[in-house]
Amino acid sequence: MSFLGHFQIFLFLYALLLLSAQSRKTEHDTESSDDGAEGQRWAVLVAGSKEYENYRHQADICHAYQILRKGGLKDENIIVFMFDDIALNPKNPKRGVIINRPGGEDVYQGVPKDYTGEAVNVENFLNVILGNKSGVTGGSGKVVKSGPNDNIFIYYADHGATGFISMPTGEALYAEDFIKVLERMHLLKRYKKMVIYIEACESGSMFEGLLKTNLNIYAVTASNAKDSSYGIYCGDTYPPSPPEYNGLCLGDEFSVSWLEDSELHDMRKETLKQQYQVVKRRTRSSHVCRFGSEELLKDYLVSYIGTNPENKNFSLASLTASQISNLSLVNTREIPLLYLQKKIQNAPVGSPERQEAQKNLLDEMNHRKQIDQNIIEILRVSLNQTNVLDLLTSTRTTGQSLVDDWDCFKTLVKSFKNQCGAKMEYGMKYAGALANICNMGVDVKQHLHRQGNKTQTFFWPSILSPFLGSQDTAAYTSASIEHSAMSLRINLHASYVSPDISLAFVVATEMTLLVHFGVDELPG
């Protein structure tokens, strides 16, 4: 063979080596080259709650961070919002450690503290994703410095309601405001493609009838616009959280589904559509929904969350996360009650810990009673009619936004929060009723100040005694629980509490009759 022939073969082999090297680089860092020429991957992770009882939200977010880092995203491209009051909380049995499943590894270690405490607020979040550093107050000041070739992943775990998701401080994040910022980002060419995952009750209402399909944004929510979301790995469920956690839920059903799926598989071989199907199948108690640009369904997850090189040989078909049993789940709005119930069970009779938990349980029950009363009065006064029960549950056709007048809705929600106090996790379930008032064209400012509070009182120590124990019953004989005849018109709502308690407790209020049975029944 001539010299020219040998030289051509050499060039051919050299080209193959270059292509192979480039392929290996792309496999690990698809659409995220070091020089940014092909675009970078950005991620914003938000735990929108605080307090130890909401442990699961920060656990979900910390777990997501670990997956992104193992997937090849750089710390400078991951921005974390969390109040950071869980890991070192005196109630945490493993100080400095957060786990997201029973026996799981510490997911807290190494998580950046970009925005904590009071810096976890809606203004900072919106300015961070817009890349507006001058609009950020407190925190690290890190923002998404993305361009037209970059992909953005947003994951938000929190309490939610019709039309908004919460923040631990300040105002909530309303769907209208979120959508406006996303549309502005699209107009400014701040991204190439965007994927959003939201874990919250009624989270579908953040996009239903609002997110356009031409923005190159694909969103997945834990529930539709009507459903609650559910906690997982809780006390008496299966598998349970360790006993020292007093029944606390370590994660959320939707979040655990996508997180554990992402841990197992090679994200270069799993598409967004495939993960949606897996998560929808595994999330059994709420209706997982998707919105936005379906063209992104064919994209591989590596383009947004990276992939762990250790999963190179695992395919979607070869390894699948275990199915979640219905016995593993708890309606997120019932978690505070279950946590206190477990604390009472575990504390010695007559101990200060038991007495404190009993007091806190009664306070929570009375708080919920007051919320139930307030919403009925708001509806009666606003609409000047007595038969208002239909407004509590009526919703719109799929594909329509649940809110027409956002200014009215925000005003009414803020007033309701002020009336009901700071803890709104339970009261949020009535946001749909507030939206219905605004959709009917009611002048809420004129009517809100007329809100009253008319109830009657009765005592129910004999019902509470199976839950509290005979020696504790006396502490509750003076506890008043208010109700009206309207409670008889509400369907019973059953939740799973504990297999060894035949009747945990009954709370009768003007709006709700909650009966917790020791059976395998969960709210649908």
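Residues numbered from 1 in each chain as written. Predicted model: local features only at pLDDT ≥ 70, side-chain atom pairs only at ≥ 80, totals over all residues. Heavy atoms only, no water.

Observations regarding the nonpolar core
- With 74 residues, the main nonpolar core has F125, F178, I196, F207 and F409 as its most contacted residues.
- Looking at which domains feed residues into this core, each of domain 1 (41-316) and domain 2 (347-453) gives three or more.
- Core analysis: the second largest hydrophobic core is formed by 60 residues, I78, L272, I305 and M365 among them. (Core = buried A, V, L, I, M, F, W, Y, C linked by side-chain atoms within 4.5 Å. Buried < 20%, exposed > 50% of the residue type's maximum accessible area, 1.4 Å probe, protein only. Domains from an automatic or database assignment.)

Side note on the environment of Y304
- Residue position: Y304 is located in helix α7 (residues 302-305).
- The exposure class of Y304 is buried, given its relative accessible area of 1%.
- Apart from the residues lying within four places of it in its own chain, the contact partners of Y304 are R41, L68, L73, N151, I152, F153, K193, M194, V195, L272, L296 and D299. (Helix = DSSP H or I, 4+ residues; strand = E, 2+ residues; numbered from the N terminus. Contact = heavy atoms within 4.5 Å.)

Quick word on the state of the cysteines
- According to the stated counting rule, one finds two disulfides in the structure shown.
- Note on cysteine connectivity: C234 is disulfide-linked to C249, with sulfurs 1.9 Å apart. Judged by the sign of its S-S torsion, about 105 degrees, the bond between C234 and C249 is right-handed. With a gap of 15 residues between them, C234 in the loop between β9 (230-232) and β10 (251-252) and C249 in the loop between β9 and β10 connect regions that are remote in the sequence.
- Of the residues examined, C234 reaches a relative accessible area of 2% and is grouped as buried. (Disulfide = S-S within 2.5 Å.)

So, the pairing of strand β2 (residues 78-81)
- Taking every second residue as pointing to the same face, both faces of β2 are buried, with I78 and V80 on one and I79 and F81 on the other.
- As paired elements, strand β1 (residues 41-47) and β2 share four bridges and run parallel to each other. Directly across from A43, in β2, lies its bridge partner I78. (Pairing = 2+ DSSP bridges.)

Some details on the pattern of salt bridges
- Inspection of every chain in the model, using the stated rule, returns 20 salt bridges.
- Here K113 ties to D84 by a salt bridge, and the two come within 4.0 Å at their closest N and O atoms. Placement of the pair is K113 in the loop between β2 and α3 (122-130) and D84 in the loop between β2 and α3, with a sequence separation of 29 residues.
- With relative accessibility at 26%, the residue D84 sits in the partly exposed group. (Salt bridge = Lys/Arg side-chain N within 4 Å of Asp/Glu carboxyl O.)

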